[in-house]
Amino acid sequence: MMRATMRILITGAGGQIGSELVTSLRERGYDVHPSDRAPKPDNPALAGVPWHPLDVTDAEAVTRLVGELRPGRIFHLAAVLSARGEQMPQLTYAVNQTGTYNLLEACRLHGVGQLVFTSTIAVFGPGLPDLVADDVPLQPSTMYGVTKVAGELLGQYYARKYGLDFRGVRFPGLISASLPGGGTSDYALFMYVDGVRRGTYDAFCRADTRIPLMYMPDGLRALLELSEAPRARLRRCIYNVAAFSPTAQQIADSVRRVLPDVRIGFVSDPHRQAILDSWPRALDDTCAQEDWGWKATFDLERMTDDLIPRIRGMLARAPDAFSSTVH
Ligand code: AKB
């Protein structure tokens, strides 16, 4: 669908969400400017798209780029995720916390209208009910979660103090046929990836582990629909969004429904298991449904049917596509 041309800057565009968000936004007629610390990925979908080198921890560089481009909207995706974040808490603080502050300051200085923030189930900590609503105590156990809580609060401060249109979603673990970035929810994707390429996978969690998950096409739609929703309809800045919450065993069963010869075992790693056990079992996204009509369309089985052929295609094109990550 074509829209009036608005210029959009994306930070962390080389990551799992960014690489697909660029295409979705271009299809909707936006003037998209991806940025990342990493060089432009070798992806045909990015042919002819500008690519801006940007390290979000560098305040001057962030302010300069925002001043040059003058985007109407920024999707701020640059982040270190939970598993990698526990290996490098200091870097995680710099990228997630200082990086978000730098982006908010650049929005203030250059009058950017809207900043869209990607938050996460990792803002929650242990001891919550099985179904977790938006407004509960936030007691995260990881540096990733701590910095995402701070990002939510900082953004809301800039909304109140400077009138920035700050909005964001708390994503479940996202699953897609692209390289994840060192998350603890990655066991779910690697059941599919290693199922296809090796026929075997040992998940680093217990079989009864249950966290909220979402298939990427729904995740992209959540970002697009929230960013385009009329501000007057939004009663809050940050929204839980939910899709499905299978146990790890149910994911393994779903993989084996399509690939019956695959073997999936469970060898729980105490550090990552503790993170997974600290997250909610399921998210209540009633506010997102009521305010901007959010509804996920993929459940586990629909995702499995769609994802496996995509992973096969990805591995045929780039056999090393999923090699450089924590899993
Ligand atoms: C992670 O595992 O760190 C992320 C997340 C749940 O935000 N995928």
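Residues numbered from 1 in each chain as written. Predicted model: local features only at pLDDT ≥ 70, side-chain atom pairs only at ≥ 80, totals over all residues. Heavy atoms only, no water.

A short note on the overall build of the chain
Rules: Only DSSP runs of H or I reaching four residues or more are called helices, and only runs of E reaching two or more are called strands; each is numbered from the N terminus. Just to be clear, the radius of gyration here is over C-alpha atoms, and the globule rule we use is 2.2 Å times residues to the power 0.38. For each residue, the accessible area found with a 1.4 Å probe, counting protein chains only, is set against the maximum for its type, and the residue is called buried under 20%, exposed over 50%, and partly exposed in between.
Counting its secondary structure elements, the chain contains eleven helices and 13 strands. In summary, the chain has a C-alpha radius of gyration of 19 Å against a globular reference of 20 Å for 327 residues, a match within 12%. For the chain, the spread of C-alpha atoms along the three principal axes comes to 55 × 45 × 40 Å. Per-residue burial for the chain yields a buried fraction of 55% across its 327 residues.

Some words on the site of the ligand
Where we set the bar: By convention in this text, a residue qualifies as near a molecule or strand provided that one of its non-hydrogen atoms is within 4 Å of it. As used in this structure description, the phrase polar contact means that two N or O atoms lie within 3.5 Å; if the pair is within protein, one of them must be able to donate a hydrogen and the other to accept it, and residues adjacent in sequence are counted only when both atoms belong to side chains. Using a 1.4 Å probe, accessible areas were evaluated by the Shrake-Rupley method; residue-level cover was limited to the displayed protein chains. Each residue gets one label: Ala, Val, Leu, Ile, Met, Phe, Trp, Tyr, Cys and Pro are nonpolar, Asp, Glu, Lys and Arg are charged, and the others, such as Gly, are polar.
Near the ligand you find Leu81, Ser82, Thr120, Ile121, Tyr144, Gly173, Gly183, Thr184, Ser185 and Trp279, and these make up its full shell. Within the side chain of Ser82, a nitrogen or oxygen atom sits 2.5 Å from an oxygen atom of the ligand. Contacts to the ligand include Tyr144, whose side-chain N or O atom sits 2.7 Å from an oxygen atom. Isolated, the ligand exposes 250 Å² of accessible area, and the fraction of that covered by the protein chains is 94%. Across the shell around the ligand, the residue classes break down as four nonpolar, six polar and no charged.

Comments concerning the domain arrangement of the chain
Quite often, the size of an interface is put as the accessible area lost when its parts meet. Heads up, the rule is: As used throughout, domain bounds are those supplied by an automatic or database domain assignment. We call two residues in contact when some of their heavy atoms are within 4.5 Å. When two components associate, each loses some accessible surface as probed by a 1.4 Å sphere; the sum of these losses over both components is called the buried area. The rule for a salt bridge is simple: a side-chain nitrogen of Lys or Arg has to be within 4 Å of a carboxyl oxygen of Asp or Glu.
Taken as a whole, the chain is organised into domain 1 (3–174 + 214–240) and domain 2 (176–212 + 244–281 + 299–317). Between the C-alpha centres of domain 1 and domain 2 the distance comes to 25 Å. Opposite the 22 residues of domain 1 that make contact, domain 2 presents 22 residues. Three residues stand out in domain 1 for area buried against domain 2, namely Gln16, Ile121 and Tyr215, and they jointly supply 35% of the buried area on that side. Scanning the region where domain 1 abuts domain 2 turns up zero salt bridges. Scanning the region where domain 1 abuts domain 2 turns up eight residue pairs in polar contact (both at pLDDT 80 or more). Secondary-structure elements contributing two or more residues to the side of domain 1 that touches domain 2 are helix 3 (82–87), strand 8 (173–175) and strand 10 (213–215). If one sorts the elements of the side of domain 1 that touches domain 2 by residue count, helix 3 sits on top with four residues. Here the residues of the side of domain 1 that touches domain 2 are counted per class, giving twelve nonpolar, six polar and four charged.

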